[in-house]
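Chain and residue survey
Listed here are the chains, written in short residue letters.
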Amino acid sequence: QVQLVESGGGLVQAGGSLRLSCAASRIFSTINAMGWYRRRAPGKQRELVATMASGGTTNYADSVKGRFTISRDNAKNTVYLQMNSLKPEDTAVYYCNVVNGYGLNYWGQGTQVTVSS
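Everything quoted here is computed from the prediction, not taken from an experiment. (Residues numbered from 1 in each chain as written. Predicted model: local features only at pLDDT ≥ 70, side-chain atom pairs only at ≥ 80, totals over all residues. Heavy atoms only, no water.)

1. Side note on the overall build of the chain
Convention followed: Helix and strand labels come from DSSP, where a helix needs a run of H or I of at least four residues and a strand needs a run of E of at least two; each type is numbered from the N terminus. Note on method: radius of gyration uses C-alpha positions; expected globular size equals 2.2 Å times residues raised to 0.38. Burial here depends on accessible area, computed with a 1.4 Å probe over protein chains only, as a share of the maximum for the residue type. Under 20% is buried, over 50% is exposed, and the range in between is partly exposed. In this description, contact between two residues means that some pair of their heavy atoms is separated by no more than 4.5 Å. In this count, Lys and Arg are taken as positive residues and Asp and Glu as negative ones, while His and the chain termini are left out. Charge positions come from single atoms, namely NZ of Lys, CZ of Arg, CG of Asp or CD of Glu.
Scanning the chain from terminus to terminus reveals zero helices and eleven strands. Listed by position from the N terminus, the elements making up the chain come as β-β-β-β-β-β-β-β-β-β-β. The C-alpha atoms of the chain give 13 Å as radius of gyration, which agrees with the globular expectation for 117 residues (13 Å, within 12%). Across its three principal directions, the C-alpha atoms of the chain cover 45 × 25 × 25 Å. Buried positions account for 41% of the 117 residues belonging to the chain. Considering only contacts within the chain whose residues lie at least 6 apart along the sequence, 52% involve residues at least 24 apart. Each charge class in the chain was averaged separately, 12 positive and 6 negative side chains, and the resulting centres sit 3 Å apart.

Have a look at this one:
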């Protein structure tokens, strides 16, 4: 069973930066996409933040464009989310996601990001 472990969350002031990391416990033979999602409050739907397709194409939520950057290091089985110019509305639990070549979804346990005003 593959595990995804996120790290890098924490408390930061508005305007600050954080970098989230998501390490996979093993190499995926094929990946369709990797990405980050967030849930801003319990009971709210998880929303897309950023994704990267296997070919490198990226997609961002409008609310984070120009501020967040998704990247990956295949050698380390790790995907990153660089978050700059953070806003209080970015406060959420951030989840890493991998969709393998068979369409199976894998999720991390989540990491809390809190942005104070």
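2. Observations concerning the environment of Glu89
Residue placement: Glu89 occurs in the loop between strand E8 (78–83) and strand E9 (92–100). Given the relative accessible area of 44%, Glu89 is considered partly exposed. A sequence separation of 77 residues divides Glu89 from Val12, and the C-alpha atoms of the two residues are 12 Å apart. The residues touching Glu89, leaving out its near neighbours within four places in the chain, are Arg38 and Arg40.

3. Comments concerning the sheet that holds E8
Definition in use: One bridge is not enough; two strands pair if DSSP finds at least two bridges between them. The axes used here are C-alpha line fits, helices contributing only the stretch in contact, and every angle between their N-to-C directions lies in the interval 0 to 180 degrees.
In space, the four strands of this open sheet follow the order E1-E3-E8-E7, with antiparallel pairing throughout. For this open sheet the edge positions go to strand E1 (4–7) and strand E7 (68–73), each flanked by a neighbour on one side alone. Going from strand to strand, the sheet's axes swing by 15° on average, the running direction of each strand aside. Across four bridges, E1 lies against strand E3 (residues 18–24) in antiparallel orientation.

By themselves, these figures tell us nothing about what the structure is for.
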